[in-house]
2 protein chains.
Amino acid sequence: MSQTPKKSAERSVPTSADVARLAGVSRATVSYVLNNASSVRISEATRHRVREAAEELGYVPHAAARSLRAGHTRTVLLPTAAFPAGPLHQQFLQELQWALRRLDYTVVQHGSLGLAGGEAVRAWAELRPVAVVALGEAGLTPQGVGLLRRSGAKAVISLAPRRVEGAHSLVIDQSAIGRCAVTHLVERGRRAIGVVLPREPGLEMFAEHRMDGARQAVAGSGARIEPLPLSYDEESATALAARWRTLGLDAVYAYNDDYAMLLMRALQDEGVDIPGETAVVGADDLLLGRLLRPRLTTVHIDMITGQQLAELVDRAVREPEAEPGTHRVMGARTVHRESS
Amino acid sequence: MSQTPKKSAERSVPTSADVARLAGVSRATVSYVLNNASSVRISEATRHRVREAAEELGYVPHAAARSLRAGHTRTVLLPTAAFPAGPLHQQFLQELQWALRRLDYTVVQHGSLGLAGGEAVRAWAELRPVAVVALGEAGLTPQGVGLLRRSGAKAVISLAPRRVEGAHSLVIDQSAIGRCAVTHLVERGRRAIGVVLPREPGLEMFAEHRMDGARQAVAGSGARIEPLPLSYDEESATALAARWRTLGLDAVYAYNDDYAMLLMRALQDEGVDIPGETAVVGADDLLLGRLLRPRLTTVHIDMITGQQLAELVDRAVREPEAEPGTHRVMGARTVHRESS
DNA sequence: TTGAAAGCGTTACCAT
DNA sequence: ATGGTAACGCTTTCAA
């Protein structure tokens, strides 16, 4: 714009060779200077010339070329399913990315778009990530883990309901949440317990596990479970509340606090007394749940933090030989308030 | 494990040369076969041999090598600030990533970690992204845009409160939200209006703009504005409510629905009548706001969707010559309910 | 102290 | 129809 480039037909990306030429040195020297190589001593004058030249040209090294040469990357691949995650999950993800960045990794988010299991893993492996952190990816198989490792991944970490052979498995047992909630209700004498299942697509994975937990909790207790599909909107909640008394339920565990709040309000509008006639339990322990009247009983979830997971990734990368272990990383406990 | 590799000291990543050797052909042929090159005809027998060999070795092409050779990438860089974004923002981000993936881009999330403005842009440019979508990055300067473009970025898109010279600027005017909310209050006869400012770090950017909008709304109306710092926890809300009557306010605009709900509950617990004594307005139009009593008046925000933004990115990438324009992409309108 | 050259894995042009 | 070869941009060993 202001200064016409020497002769380039158009703007083209400057390379280290361009810098070398401008500074009147070799490409090797440029590399030494710009990477502060400690093994060689370069005269201060040369260093300065090189820096000047780089600055003038707006030279920026090419990450792909660098890692091609280096034979490894600092890429952490984060295959993410496209489910409408709750605020807790979102925050976790955000925190994880942050912490990984802080440890100088490049985070690549890679939704596996309807690719068949094997295809998706191939796509991931192309990036030669140093680590893969699969968050509840159903598609991660032992073979997939093998392929990734052979493609140079030092660590494959799975955060999922079940362990994955060959990967560092953080088993996150969603069923504990449903179990917790329903056990609480049973202990308080409830016998006919509804379980809200979100109709929103993508949530089935979580919902089913929580439902399983609920089932386990009533097993042999004489209490029964009733699945209640519900969409996250007022109409759906109103409709459910309208037929509430025909269901003969004395309690409901509502997947999470959002659905619980939605349903509780609808029930109250319908004249259902809470917790007298029906007890309500949510999950996630959101602040908002404490603002309703009655205050919402909920299941507090203790999860590994993004920070902690990032550290785990880093450790696994630096000690690739360590045996991939299996850990349970979720705790759940009922927080009793007023709605139950 | 089960089969001992020919002679490799350890598992090493197979390359196309390995595939060529095993199939008894040249690297070029391997490339042709695996990329379904249409310009050359390869015998079916050879194709088969190559595919077999690739399969057997578990060959996966190396993305870095490929893009080095190709001279360009399909990387979209998403520099993300580390602010605790609300559910709306999170969902937007999620949607954007998804849509970009669907358009076959590789999404790299890159929190600019305390790197000085220039440094951060350098780090981004190293990845040679084909596009950069800066979401409210304060650090994106016209020089930065220039550097990115010179590094091969076909599109630099900024989603921020102000336009950025040289970039496709989507101006997202946060002040409209505060203006909307407070105008509504003024029109309904309120004269002493509190404005809640979240104490949470990282939210200042938004909060200040919304505050500015509030200020504009009262200008020349005879009404006044009172800043009210508030943390997102019950103690803070209770404390603020306790001294409410000493403030002499007849209305409050509470940044967003979360803060509004928190404060409204605290005020009710303090015996403040809403909306009689104090009107409350939030923002974001969350479903939860409709569940409180009185129902929360709020500012509904019309934003560009992630999907739309992704399409815009794609278009900009494919027509790099198009003049980078400036568009206002946020609308705001008050949704009057019962709390005002 | 600096430079020449090899090589990382791919693809595309040009021969055969 | 297939293979040799050069080139993408960078780092690093070896030589001068």
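Criteria and thresholds
- Residues numbered from 1 in each chain as written.
- Chains lettered and ligands numbered in written order.
- Predicted model: local features only at pLDDT ≥ 70, side-chain atom pairs only at ≥ 80, totals over all residues.
- Heavy atoms only, no water.
- Near = heavy atom within 4 Å.
- Polar contact = N/O pair within 3.5 Å; in protein donor to acceptor, adjacent residues only side chain to side chain.
- Helix = DSSP H or I, 4+ residues; strand = E, 2+ residues; numbered from the N terminus.
- Nonpolar A, V, L, I, M, F, W, Y, C, P; charged D, E, K, R; others polar.
- Buried < 20%, exposed > 50% of the residue type's maximum accessible area, 1.4 Å probe, protein only.
- Least-squares fit on C-alpha atoms with pLDDT ≥ 70 in both.
- UniProt positions renumbered as here; feature names shortened; annotations may be inferred.
- Axes fitted to C-alpha atoms, helices over the stretch in contact; angles between N-to-C directions.
- Left-handed = near helix turned anticlockwise from the far one by under 90°.
- Contact = heavy atoms within 4.5 Å.
- Expected span 1.5 Å × (residues − 1).
- Core = buried A, V, L, I, M, F, W, Y, C linked by side-chain atoms within 4.5 Å.
- Pairing = 2+ DSSP bridges.
- Buried area = accessible area lost by both parts, 1.4 Å probe.
- Salt bridge = Lys/Arg side-chain N within 4 Å of Asp/Glu carboxyl O.

Under the annotation held in an unreviewed UniProt entry, chain A carries the name LacI family transcriptional regulator and is attributed to Streptomyces albipurpureus.

Comments concerning the protein's contact with DNA strand D
Within the structure, DNA strand D sits among 27 residues, and A:Ser16, A:Arg27, A:Tyr32, A:Arg69 and B:Ser43 are positioned closest to it. Taking all atoms of DNA strand D within 4 Å of the protein, the share assigned to sugar and phosphate is 63%. Interatomic distance of 2.6 Å between a side-chain N/O atom of A:Tyr59 and a phosphate oxygen of DNA strand D. Here a phosphate oxygen of DNA strand D sits 3.1 Å away from a polar atom, N or O, in the main chain of B:Ser26. Breaking the surface near DNA strand D down by element, the ones donating at least two residues are helix H2 (27–34) and helix H4 (63–70) of chain A together with helix H2 (27–34) and helix H4 (63–70) of chain B. The residue makeup of the surface near DNA strand D, split by class, is eleven nonpolar, ten polar and six charged.

Things to note about unusual backbone geometry
All names here are of chain B. The linkage connecting Ile274 with the following residue, Pro275, adopts the cis geometry, with an omega of 10°. Along the chain, the position of Pro275 falls in the loop between helix H12 (257–269) and strand S9 (279–281). Cis geometry is adopted by the peptide bond preceding Pro294, which originates at Arg293 and carries an omega value of -5°. Along the chain, Pro294 falls in the loop between S9 and strand S10 (298–303). At Asp104, a position not held by glycine, the phi torsion is positive, near 75°. By the secondary structure assignment, Asp104 is in the loop between helix H5 (87–102) and strand S2 (106–109). Positive phi is not limited to glycine here, since Asp284 has a value of about 110°. Checked against the element boundaries, Asp284 lands in the loop between S9 and S10. By relative accessible area, which is 12% here, Asp284 ends up buried.

Side note on the relation of the copies chain B and chain A
At an RMSD of 0.1 Å, chain B and chain A line up after a rotation of 180° and a shift of 0.0 Å along the axis. Within this description, the copies of the chain are treated as partners about a two-fold rotation axis.

With respect to the UniProt feature "domain: HTH lacI-type" (unreviewed entry) in chain A
As annotated by UniProt and renumbered to match this structure, "domain: HTH lacI-type" (unreviewed entry) occupies residues 14–70 of chain A. Each end of residues 14–70 of chain A is marked by a C-alpha atom, and these two atoms are 21 Å apart; helix forms 67% of the span and strand 0%.

Re the packing of helix H8 (residues 175–187) of chain B against helix H9 (residues 204–218) of chain B
Residues and elements named next belong to chain B. Orientation of H8 relative to H9, taken along the N-to-C sense of each, is 35°, at an axis distance of 6 Å. In the packing of H8 onto H9, the handedness of the crossing is right-handed. Along its contact with H8, which presents Ser175, Ile177, Gly178, Arg179, Val182, Thr183 and Val186, the element H9 presents His209, Arg210, Gly213, Ala214, Gln216, Ala217 and Val218. Classifying every residue of the contact of H8 with H9 gives six nonpolar, six polar and two charged.

Overview of H9(B)
With 15 residues, H9(B) should cover 21 Å at 1.5 Å per step; its first-to-last C-alpha distance of 21 Å lies within 8% of that length. Positive backbone phi, at 75°, marks B:Gly220, one or two positions downstream of H9(B).

A short note on the environment of A:Val33
Residue and element names in this part refer to chain A. Looking at the element boundaries, Val33 is found in helix H2. The class for Val33 is buried, based on a relative accessible area of 0%. Through-space distance from the C-alpha of Val33 to that of Leu291 is 60 Å; in sequence the pair is 258 residues apart. With residues up to four places along the chain from it excluded, the contact list for Val33 reads Ile42, Arg47, Val50 and Arg51.

Observations concerning the side chain of A:Ser158
Among the secondary structure elements, A:Ser158 is positioned in strand S4 (residues 155–160). Apart from the residues within four sequence positions on either side, A:Ser158 is in contact with A:Ala134, A:Leu140, A:Val164, A:Ala167, A:His168, A:Ser169 and A:Leu170.

A look at the nonpolar core
As a rule of thumb, nonpolar side chains are buried together in soluble globular proteins. Grouped together as the largest cluster of nonpolar side chains are 70 residues, with contacts concentrated most on A:Trp244 and B:Trp244. B:Trp244 has contacts with B:Leu228, B:Leu249, B:Val252, B:Leu263, B:Leu267, B:Val272 and B:Thr278, leaving out every residue within four places of it along the chain. Listed in part, the 49 residues of the second largest apolar core include B:Leu93, B:Ala131, B:Ala176 and B:Met211.

Regarding the protein's contact with DNA strand C
The immediate surroundings of DNA strand C are formed by 28 residues, with A:Ser26, A:Thr46, B:Ser16, B:Tyr32 and B:Arg69 found nearest. Among all atoms of DNA strand C positioned within 4 Å of the protein, those belonging to sugar or phosphate total 61%. In the model, a base nitrogen of DNA strand C is placed 2.6 Å from a nitrogen or oxygen of the B:Tyr32 side chain. Looking at the surface near DNA strand C, the elements that each hand over two or more residues are H2 and H4 of chain A together with H2 and H4 of chain B. Considered class by class, the residues forming the surface near DNA strand C number twelve nonpolar, ten polar and six charged.

Examining the pairing of strand S5 (residues 168–171) of chain A
Here is the key point about a regular strand: its side chains alternate between the two faces of the sheet. Residues and elements named next belong to chain A. Taking every second residue as pointing to the same face, both faces of S5 are buried, with His168 and Leu170 on one and Ser169 and Val171 on the other. With four bridges connecting them, S4 and S5 associate as parallel partners. Within the sheet, the bridge partner assigned to Ile157 lies in S5 and is His168. One ladder, built from three bridges, connects S5 with strand S11 (residues 326–328); its direction is parallel. Residue Leu170 lies in a different strand from S11, and its bridge partner there is His327.

Topic: the interface of chain B and chain A
If you look at the interface, chain B gives 58 residues, while chain A gives 58 residues. Interface of chain B and chain A: buried area, both sides summed, is about 5,400 Å²; carbon and sulfur atoms make up 59% of it. Looking only at chain B, the three residues that lose the most surface to chain A are B:Arg101, B:Leu113 and B:Leu291, adding up to 12% of its buried area. One salt bridge connects B:Asp269 with A:Arg293, and the closest N-O pair in it is separated by 3.0 Å. Taken together, the links from chain B to chain A amount to 16 residue pairs in polar contact (both at pLDDT 80 or more). With seven residues, H5(B) is the single largest residue contributor to the side of chain B that touches chain A. Of the strand pairs in this sheet, strand S2 (residues 106–109) of chain A and S2(B) are connected by three bridges, and their pairing is antiparallel. What sits directly across from A:Val107, in S2(B), is B:Gln109.

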